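Examination of the molecular architecture
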Amino acid sequence: MTYAQQDHRIAVTGLGVLCALGNNPESVFARMMKAETGVKGLTRFAADNLQCSIAGQLEQEQLDAIVNDDATASMDLCARYAVTAARQALQDSGLAVRRFQQGGIMDVSDRAAIGSDRIGLALGTCNGGILSLEKQWDLTQLDDANTANYPFYQQGDDAAQALGLNGPVVTINTACAASGNAIGYASDMIRWGYADAMLAGGSDPLSHSVYAGFNVLRALNPLPSSPFGSRYGLNLGEGAAFVVLERLDKALLRGARIYGELCGYGLSNDAHHETAPHPEGAGIERAVAMALNRSAVPRERIDYINAHGTGTMANDAAEISGLKKIFGAETTIPISSSKAYFGHNLGAAAAVELVTALYAVKQGFVPGTLHYDAPREGCSDANIIGAELRRLSPQYMLSNNAAFGGHNVSLVLRTAWLKDIDRPPSSSWKRRSRVAITGIGAVGSWGAGQGGVLHLIGESAAGTDEGADGQISFSLKEYDKSKYERRMNKIAQFTIGAVLAAIENAGLEQSELADTGFIYGTSRGSTDSIARFLGSVFEKGPEYASSIYFPHTVINSIAGKTAEKLGLQGFNSSLSTGGSEGIAAALYGAGMIREGALSACLIGAGDERSELSDHIDRAKGLQESRYAKTEGSACIVLSDMDEAAAGGARIYAELRGFGISHGAVRHTPDGELQLRAAIAGALAQAEIGMDEIDLVLLNSIGRAEETEWERGVIAGLAVKSKPPVICLNDKAGYGESFSSMLHLAAAAELAYHGTARGIISGLPGLEEIHFRNVLTVSSSVNGSCIAAVVSGVR
Amino acid sequence: MSISEVSVVDRIKGIVKQSLLIDRLELEDITAEEITDDMILFGEGLGLDSVEAFEVMVGMEELFGVMVEDIPAEELKRHLTNVQSISELILLKHTKGIG
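Residues numbered from 1 in each chain as written. Chains lettered and ligands numbered in written order. Predicted model: local features only at pLDDT ≥ 70, side-chain atom pairs only at ≥ 80, totals over all residues. Heavy atoms only, no water.

**Describing the overall build of chain B**
Quick note on the threshold: Secondary structure counts use DSSP, requiring at least four H or I residues in a row for a helix and at least two E residues in a row for a strand, with both numbered from the N terminus. Only the C-alpha atoms count toward the radius of gyration. The rule for a globule is 2.2 Å times the residue count to the power 0.38. Buried residues are those whose accessible area, probed at 1.4 Å on protein chains only, stays under 20% of the maximum for their type, while exposed residues exceed 50% and partly exposed ones sit between those limits.
Across its full length, chain B holds four helices and zero strands. Taken from N to C terminus, the helices and strands of chain B fall in the order α-α-α-α. Against the 2.2 N^0.38 benchmark of 13 Å for 99 residues, chain B shows a C-alpha radius of gyration of 13 Å, consistent with a compact globule. For chain B, the spread of C-alpha atoms along the principal axes amounts to about 35 × 30 × 20 Å. A burial count over chain B gives 45% of its 99 residues as buried.

**Section: the interface of chain A and chain B**
As a reminder of what qualifies: Should any heavy atoms of two residues lie within 4.5 Å, those residues are counted as being in contact. Here the quantity called buried area is the total loss of accessible area, with a 1.4 Å probe, experienced by two parts when brought into contact, counted for both. When a carboxyl oxygen of Asp or Glu lies within 4 Å of a side-chain nitrogen of Lys or Arg, that pair is called a salt bridge.
Opposite the 21 residues of chain A that make contact, chain B presents 20 residues. Both sides together, the interface formed by chain A and chain B hides about 1,800 Å², and carbon and sulfur atoms give 44% of it. A per-residue breakdown of the area chain A buries against chain B is headed by Arg-218, Arg-486 and Tyr-544 of chain A, which together make up 38% of the total. At the boundary of chain A and chain B, one finds six salt bridges. Ionic pairing is found between Lys-477 of chain A and Glu-28 of chain B, a salt bridge with its closest N-O pair at 3.4 Å.

**So, the domain arrangement of chain A**
Residue and element names in this part refer to chain A. Here is the rule we go by: A domain assignment, automatic or from a database, supplies the domain bounds used here. Think of a polar contact as two N or O atoms within 3.5 Å of one another; within protein, one of them needs to be a possible hydrogen donor and the other a possible acceptor, and neighboring residues in sequence only count if both atoms come from side chains.
The assigned domain composition of chain A is domain 1 (3-430) and domain 2 (435-523 + 577-791). Facing the 39 residues of domain 1 at the interface are 33 residues of domain 2. Taken together, the two surfaces of domain 1 and domain 2 that pack against each other cover about 3,000 Å², and 55% of this comes from carbon and sulfur. Along the contact surface separating domain 1 from domain 2 lie four salt bridges. Between Arg-294 and Glu-595 there is a salt bridge; the shortest N-O distance is 3.2 Å. The tally of links from domain 1 across to domain 2 stands at 16 residue pairs in polar contact (both at pLDDT 80 or more). When residues of the side of domain 1 that touches domain 2 are traced back to their parent elements, those giving at least two are helix 5 (144-147), helix 6 (152-163), strand 7 (169-172), helix 7 (178-191), strand 10 (260-269) and helix 10 (282-295). By residue number, the principal contributor to the side of domain 1 that touches domain 2 is helix 6, which donates six residues.

**What about the pairing of strand 18 (residues 447-450) of chain A?**
Residue and element names in this part refer to chain A. Operational definition: At least two DSSP bridges between two strands are required for those strands to pair.
As judged from the four bridges shared by strand 17 (residues 435-444) and strand 18, these two strands associate in the antiparallel manner. Paired with Ala-442 across the two strands is Gly-449, which belongs to strand 18. Here strand 17 folds back onto strand 18 in antiparallel fashion, the turn holding two residues.

**With respect to the environment of Leu-750 of chain A**
Residues and elements named next belong to chain A. Relative to the helices and strands, Leu-750 resides in helix 25 (residues 738-753). Overall, Leu-750 belongs to the buried group, its relative accessible area being 2%. Leu-750 sits 303 residues away from Gly-447 along the chain, and the two C-alpha atoms are 21 Å apart. If we ignore the near neighbours within four places in the chain, the residues touching Leu-750 are Leu-454, Leu-695, Leu-697, Thr-755, Ala-756 and Phe-771.

**Considerations on the nonpolar core**
Filter applied, for reference: Buried residues of nine kinds, namely Ala, Val, Leu, Ile, Met, Phe, Trp, Tyr and Cys, make up a nonpolar core once their side-chain atoms join them within 4.5 Å.
The biggest cluster of nonpolar side chains holds 224 residues, and the ones touching the most others in it are Leu-199, Tyr-211, Phe-214 and Leu-655 of chain A together with Leu-21 and Met-60 of chain B. With ten residues, helix 25 of chain A is the largest single contributor of residues to this core. The two domains that each donate at least three residues to this core are domain 1 (3-430) and domain 2 (435-523 + 577-791) of chain A. Ranked by size, the runner-up nonpolar core spans 28 residues in total, among them Tyr-484, Ile-491, Phe-494 and Cys-635 of chain A.

**Quick look at helix 22 (residues 669-686) of chain A**
Residues and elements named next belong to chain A. Put simply, the test is: One less than the residue count of a helix, multiplied by 1.5 Å, gives the span that helix is expected to have.
With 18 residues, helix 22 ought to run about 26 Å at 1.5 Å a step, and its terminal C-alpha atoms sit 26 Å apart, in line with that. Buried within helix 22 we find Gly-671, Gln-674, Leu-675, Ala-678, Ile-679, Ala-682, Leu-683, Gln-685 and Ala-686. On its buried face, helix 22 sits against helix 19 (581-594), strand 23 (653-662), helix 23 (706-715), strand 26 (773-779) and strand 27 (784-791). One or two positions beyond helix 22, positive phi appears at Glu-687, with a value near 60 degrees.

**Digging into the packing of helix 8 (residues 208-216) of chain A against helix 17 (residues 527-540) of chain A**
Residues and elements named next belong to chain A. Note the following rule: Lines fitted to C-alpha atoms define the axes here, with helix axes fitted over just the stretch in contact, and angles between the N-to-C directions of these axes take values from 0 to 180 degrees. For classification purposes, angles smaller than 35 degrees are called roughly parallel, those larger than 145 roughly antiparallel, those between 65 and 115 roughly perpendicular, and all remaining angles oblique. For this classification, Asp, Glu, Lys and Arg are treated as charged, while Ala, Val, Leu, Ile, Met, Phe, Trp, Tyr, Cys and Pro are nonpolar and the rest, including Gly, are polar.
Taken N-terminus to C-terminus, the directions of helix 8 and helix 17 make an angle of 95 degrees; their axes are 10 Å apart at the nearest point. Taken together, the axes of helix 8 and helix 17 lie roughly perpendicular to each other. Contacts from Ser-209, Ala-212 and Gly-213 of helix 8 reach helix 17 at Phe-533, Leu-534 and Val-537. Residue classes in the contact of helix 8 with helix 17 are distributed as four nonpolar, two polar and no charged.

**Looking at the pattern of salt bridges**
All names here are of chain A. In total, this model carries 52 salt bridges over all chains according to the counting rule given. Here Glu-59 and Lys-40 are joined by a salt bridge, their closest N and O atoms 4.0 Å apart. Here Glu-59, found in the loop between strand 3 (54-56) and helix 2 (60-67), pairs with Lys-40, found in strand 2 (residues 39-41); they are 19 residues apart in sequence, far enough to count as distant. Overall, Glu-59 belongs to the partly exposed group, its relative accessible area being 32%. According to the relative accessible area criterion, Lys-40 is partly exposed, its value standing at 42%. Ionic pairing is found between Asp-188 and Arg-294, a salt bridge with its closest N-O pair at 3.5 Å. With a gap of 106 residues between them, Asp-188 in helix 7 and Arg-294 in helix 10 connect regions that are remote in the sequence. Using a relative accessible area of 5% as the deciding quantity, one classes Arg-294 as buried. Each member of the salt-bridge network shares a partner with another, and the members are Arg-31, Lys-34, Glu-36, Lys-40 and Glu-59.

Below, the structure is given as structure tokens:
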């Protein structure tokens, strides 16, 4: 099936939750009905010198059950929570995951069976495996076993691995909006044909250092919080929640229980401040507007809003203000915040809130706002649902969340009786645009450059100014002082530099930036800033946590700072895959342009070297790589092909197809199948054969015999002539997120020029080739693989 | 204010400028000499923001043992106006006993 034939509606068919109020939707709902809160005295760690000592912790019994599960014993608690909630959701859905190759052809009469290659997982997390570093409480003596569990992507990968999934796997890192974004992303994966079902949700266990960070920002409420009410401040919680999303037609066919239809979602960035929301809620307003528009649901049809409603002074009034801009100052739509039931679950918040709300709606209720007494300033004329659940069966509802780094998400769900499937198709889904690459920018050992990357790599390989430790000397302050600020970490400087170069290269006007999308990939964010924050907590004590570095422990802070400095207010996301971030981000952005939701989207990826980053490399076995480590950032601009051509833009190449799989583990038969599956997917979407590929750009991590294995699998795909396979990392160095973007940009550059002559030398065999179609393949540390077909336009 | 108090205030001001502001906030674009006693710290002047305000508060506790938790927000804002007002608060807290 080609891309153009995909147009699926998305059903929610399974729910799983783990939070302070219980370990399944039913028990959480029962306690919500009794107006109970799970926010109680903190026992997980000492809070002696902090201003608050309550939190929404899991009951000890729940925690013990997870900790005693041998199957997940090697994982960080974040992944273990995720596995628990995801298993629950999968079981609830009745879907049975069948390993794709078992017994050859699947029994098609078993409608509840799904091949493992047709189901993937999107996890949202705010802090990844931070507990694995806290366990050690000393950054100078990190051990490998725990440190290997820290990276954000590890949580999504571990969860997918535990459930035996081979479809698309990604970890969304947009802090407190992460699981809402993950659910939206997962729905796209199904609508765009990459999967038939997805597990999507979020997880964040209670972290001592994160608690200390909120404490130092004076955001915690020493008393149980009352969103929109009289007591200012939030309570932290913990937990995980997942939904199963699947194609509505298939769900109906197999008679699945349907909790709701995910009609669409919107993302935005405040482009305002690293921790504080825009005071008038302009960011959440844009996310809601986009969600309604993409869903083609008129705002009058929304009967209930599950708000972010943290209870802080900065959030609640701003959020109400943003909602009023959409629904009118006189709006009477019932609004509630679920956070006083189980605390603010950070990266899991959106998923926990959605799962518990959908379950409540199934019982004929919507959640209340526990502890709501009297409206606070700015919330007085909103229809806030009080402490009791309200008997209500909304036809459509919204679920909203907002985050540090300025990221916002809004989900639109249809929760009315679903057998009638007469809902009008989404307006934004009528177009099938082609995707052009119209700008390239990169910051590396060469400084900042644009219009391609191969000439930059060639120059830097000749006379490099890179230090022995792989650190580069780019300074944003020198490149563009107006975009620099005090203490700006290296990766933010690289990223802003690369994005500025790409914008200039594409000729994007300042006035266009507010509506231009921005999707960014980074596996680790600023490890230097993270280490400084954790260092302040570990060495001086939680009461002396560094407020200036705390906002950078969430790795969407890089995308957030870039959005803030450049005024990128539109569709904004940040993700991690552990090696293929650049292409993963491009896949996401290209999909948005294809369906007409965006005219242009900036796609970036970046890495930063630091001591902590070296520790992580060692723990992940990346020291084994034959390539020298490097740092930097690259950015490409994706545009609607017709609009770009009409506007006279320079078109480097067309992004014609993508394929994505999980489980491409080297030297395994399954791994070989998955690597082939990703490539086959990209070729099928591009509607070309392997024999039409002129060159393969392989972004290999380069561990022992890994590159040879990958080359072997790729060579096995070509029937007639075998295209050369080139890896740029021996010239450019390896950056976990950066390198995949460099390969994609290089593919566009070669497709544009049609020849390597005069662009890069020292790659034998390339001089005689005329490049039309370049296949880019990128693998991740844990075996996720993404492939993209990039073609010249002439 | 006695002569000894004046010299104590001057010493506090020096520590506030160098250790509390420049070192702690890693201000790379200004020196202690350039920060005058009456320079506005937040918003205008030195241009610090709310996240940096919390760092200053934690720093006052770490460097001077001065806790500001019990001071109402509006009043605290006034105390954090400039180096002069911060130093006076520190001296006052010390005169009255720490905390």
